[in-house]
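For reference, the chains in residue letters:
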Amino acid sequence: QFNMYGYYQKWLADITADESQILCGNMDWYGDSLMLSYRIYRFYGDLNPAKTLYPFLRRGVMRWMEKTEDDVWPWGYSDWCLPNDNTWEGFGQCKAAVNTSLLHAYTHIMAEFAALLDLEDDRELFLFYSVRVREGFIKRYWHEDGSVGDGRQPEMLMPLFYGILTGEYAEKTRAALCDKI
């Protein structure tokens, strides 16, 4: 069954009722309106949420890009469920890998939405942003042995899953991840 169309629409309506809150905080928490719009489009062929929310989604991703540190996003909740020492400081590791991977995904989603809405300048802009995010992340967190950041599994998985690491970078990171596992 797994028909989530009605649920996704309800959830999206709930979290976008206050337009000032759309993509207003960290992408690991506030990115749902963008990701849900994308899922509704990809899984059910309904582009209406993206059409309706596009100006707010655009503004939010633009704001995130303006606030990056050298094109990465090192803040947020991150992978707060990974094994830790059960202290507040132990939670929230891998922030840059999780959130920058999401930012990379969001720039690609926005580029796809822009193409679907015939907004070629926006499509080019968001593709440009995705390159900047990718390059900034690799420069700052990727290591020649393929490890990422402090070498935790989520730090390697997230950039692989969301396409920051491709080609030789991905091959080395896959090998490092297998060694880690």
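The structure we're discussing is the one just above.
This text gives an overview of the structure that appears in the document. (Residues numbered from 1 in each chain as written. Predicted model: local features only at pLDDT ≥ 70, side-chain atom pairs only at ≥ 80, totals over all residues. Heavy atoms only, no water.)

1. A look at the packing of aromatic side chains
Summed over the entire model, instances satisfying the criterion amount to 14 aromatic pairs. Taken together, a centroid distance of 4.7 Å and an interplanar angle of 85° make the contact between W142 and Y169 edge-to-face. One end of the pair, W142, is in the loop between α6 (120–141) and α7 (153–161); the other, Y169, is in helix α8 (residues 167–180), and 27 residues separate them in sequence. Seen in terms of ring centroids, F161 and Y162 are 4.8 Å apart; in terms of plane orientation they differ by 85°. Their pairing is edge-to-face. Given a relative accessible area of 23%, Y162 falls into the partly exposed group. Put simply, the rings of W64, W73, W75 and Y106 touch in pairs and so form one group of aromatic residues. (Phe/Tyr/Trp six-rings, centres within 6.5 Å; stacked < 30°, edge-to-face > 60°. Helix = DSSP H or I, 4+ residues; strand = E, 2+ residues; numbered from the N terminus. Buried < 20%, exposed > 50% of the residue type's maximum accessible area, 1.4 Å probe, protein only.)

2. Description of the nonpolar core
If you look at soluble globular proteins, the nonpolar side chains tend to sit buried side by side. Judged by nonpolar contacts, the single largest core of 35 residues is most densely connected at L34, Y106 and F113. Of all the secondary structure elements, the ones that give two or more residues to this core are α1 (5–15), α3 (32–44), α4 (48–67), α5 (95–116) and α6. Those residues in contact with Y106, other than ones at most four positions away along the chain, are M27, G31, L34, M35, V61 and W64. With 15 residues, the next largest nonpolar core counts V72, I138, W142 and L165 among its residues. (Core = buried A, V, L, I, M, F, W, Y, C linked by side-chain atoms within 4.5 Å. Contact = heavy atoms within 4.5 Å.)

3. Here we look at the side chain of D46
The residue D46 is located in the loop between α3 and α4 in this model. Although buried, D46 forms no salt bridge, and the nearest oppositely charged side chain, K51, lies 7.5 Å from it. There is a polar contact of 2.5 Å between the side chain of D46 and the side chain of Y5. (Lys, Arg positive; Asp, Glu negative; His and termini not counted. Salt bridge = Lys/Arg side-chain N within 4 Å of Asp/Glu carboxyl O. Polar contact = N/O pair within 3.5 Å; in protein donor to acceptor, adjacent residues only side chain to side chain.)

4. Some details on the packing of α1 against α3
Where α1 meets α3, the closest approach of the two axes is 10 Å, and the angle between their N-to-C directions is 155°. In terms of their interaxial angle, α1 and α3 are classed as roughly antiparallel. Considering the relative orientation of α1 and α3, their crossing is left-handed. Side by side, α1 and α3 meet where Y5, Y8, Q9, W11, L12 and I15 of the first sit next to D32, S33, L36, S37, R39, I40, F43 and Y44 of the second. Residues of the contact of α1 with α3, tallied by class, amount to nine nonpolar, three polar and two charged. (Axes fitted to C-alpha atoms, helices over the stretch in contact; angles between N-to-C directions. Parallel < 35°, antiparallel > 145°, perpendicular 65-115°, else oblique. Left-handed = near helix turned anticlockwise from the far one by under 90°. Nonpolar A, V, L, I, M, F, W, Y, C, P; charged D, E, K, R; others polar.)

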